[in-house]
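Here's the letter readout for the chains.
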Amino acid sequence: MDDIDIMRRAMAQARQGDRKPGANGIGCVIVRNGEILAEGFNEVDLRHDPTAHAEMVTIRRACEKLGASDLRDATLYSTLQPCGMCSMASIWAKVRRIVYGAERHQVHEMYFENKHFNTTDFITDAFKDDISLVGGVLGAECAKLYVGPDEDVPEAERVNT
């Protein structure tokens, strides 16, 4: 399996989340040494938990599977550029790589907590020795899963605002 194959699995998770009431279409897969440790999608409204982002759900599942909080040498795949919370959780879990699909400029700004701060810039600068980031893997395909950057979304329907 390569980055493209695993991103397609993450996209399948996103589509599954989009169909499930209370979930939504952000998908994630964690792989280590060629083994899929866990998969998931965003479950914030399903669980009534603002931390139940796809990446957080999947990190929890991978750690439960291993019976440990250390995901050293694992790669986290997400269909959308991870937020600050998910990026920092990946660092705390010792994930070695984050590979993501759609980038900030490809989706509506409502998906990101601080519209003027790019978490990946911070991670690349402050944690460059701890974790590597690869963005834009199937980016255009992943971006189609989300509201576009120029689409008009009524304020009441915006996530994360």
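Reference entry: report on the structure contained in this document. Computed from a predicted model, the values in this text were never measured in an experiment.

### Overview of the side chain of T79
Turning to its location among the elements, T79 is positioned in strand β3 (residues 75-80). Since its relative accessible area comes to 0%, T79 is described here as buried. A polar atom in the side chain of T79 sits 3.0 Å from the backbone nitrogen of G27. There is a polar contact of 2.4 Å between the side chain of T79 and the side chain of Y146. Those residues in contact with T79 that sit more than four places away from it in its chain are M7, A10, M11, A14, G25, I26, G27, G101, A102, C142, L145 and Y146.

### Some points on helix α5 (residues 119-126)
Restricting attention to buried positions, one finds in α5 the residues T119, T120 and I123. The buried residues of α5 occupy an angular sector of 95 degrees when projected down its axis, which confines them to one face. In this structure, α5 carries D121 and D125 as exposed residues pointing more than 90 degrees from its buried face.

### Some thoughts on the packing of helix α4 (residues 84-92) against α5
Between α4 and α5, whose axes approach to 9 Å, the crossing angle comes to 25 degrees. By the angle between their directions, the pair α4 and α5 is classed as roughly parallel. The interaxial crossing formed by α4 with α5 has right-handed handedness. Side by side, α4 and α5 meet where G84, S87, M88 and I91 of the first sit next to T119, F122 and I123 of the second.

### Notes on unusual backbone geometry
A positive phi is found at D73, a non-glycine position, where the angle reads about 70 degrees. Along the chain, the position of D73 falls in the loop between α3 (54-66) and β3. Non-glycine residue L138 carries a positive phi angle of around 55 degrees.

### Observations regarding the sheet that holds strand β2 (residues 35-42)
By way of backbone hydrogen bonds, the strands of a sheet pair with one another, either parallel or antiparallel. In spatial order, the strands read β2-β1-β3-β4-β5; together these five strands make up an open sheet with mixed pairing. If you trace the sheet from one side to the other, it starts and ends with β2 and β5 (132-134), each paired once. Strand-to-strand twist in this sheet, taken as the mean axis angle between neighbours without regard to direction, amounts to 15 degrees. Across seven bridges, strand β1 (residues 24-32) lies against β2 in antiparallel orientation.

### Here we look at α3
With 13 residues, α3 should reach 18 Å at 1.5 Å per residue; the first-to-last C-alpha distance of 18 Å fits that figure. Those residues of α3 lying buried are A54, E55, M56, V57, T58, I59, A62 and C63. Buried residues along α3 sit against β1, β2, β3 and α4. Of the residues one or two after α3, G67 is the one with positive phi, at around 65 degrees.

### Points about the state of the cysteines
Applying the stated criterion to the full structure yields zero disulfides. You can see C28 has no disulfide; the closest cysteine sulfur is in C86, sitting 8.0 Å from it. Between C63, a free cysteine, and C28, which holds the nearest cysteine sulfur, the sulfur-to-sulfur gap is 12 Å. Given a relative accessible area of 15%, C63 falls into the buried group.

Conventions adopted
- Throughout, a residue's number is its position along its own chain's written sequence, starting from 1.
- The model is predicted, so local features are restricted to residues of pLDDT at least 70 and side-chain atom pairs to those at 80 or more, both for listing and for counting; the totals for chains, interfaces and linings are taken over all residues.
- Side-chain numbers come from the whole structure's heavy atoms, not from hydrogens or water.
- Only DSSP runs of H or I with at least four residues qualify as helices, and only runs of E with at least two residues qualify as strands; both kinds are numbered from the N terminus onward.
- Exposure classes here rest on a 1.4 Å probe applied to the protein chains alone. A residue is buried below 20% of its type maximum, exposed above 50%, and partly exposed in between.
- Nitrogen and oxygen atoms within 3.5 Å of one another constitute a polar contact, given that in protein one can donate a hydrogen and the other can accept it, and given that sequence-neighbouring residues count only through two side-chain atoms.
- Contact between two residues is taken to exist if any of their heavy atoms lie within 4.5 Å; hydrogens are not considered.
- The reported arc concerns the directions from the helix axis to the C-beta atoms and nothing else.
- Axis lines are fitted to C-alpha atoms, over the contacting stretch for helices. Their N-to-C directions set the angle, which ranges from 0 to 180 degrees.
- Put simply, angles under 35 degrees are roughly parallel, angles over 145 are roughly antiparallel, angles from 65 to 115 are roughly perpendicular, and the rest are oblique.
- Whether a crossing is left-handed or right-handed is set by the direction in which the near helix is turned from the far one by less than a right angle, anticlockwise for left-handed and clockwise for right-handed.
- Here, any two strands with at least 2 DSSP bridges between them count as paired.
- Expected span of a helix: the number of residues minus one, times 1.5 Å.
- Only a pair of cysteine sulfur atoms within 2.5 Å counts as a disulfide in this structure description.

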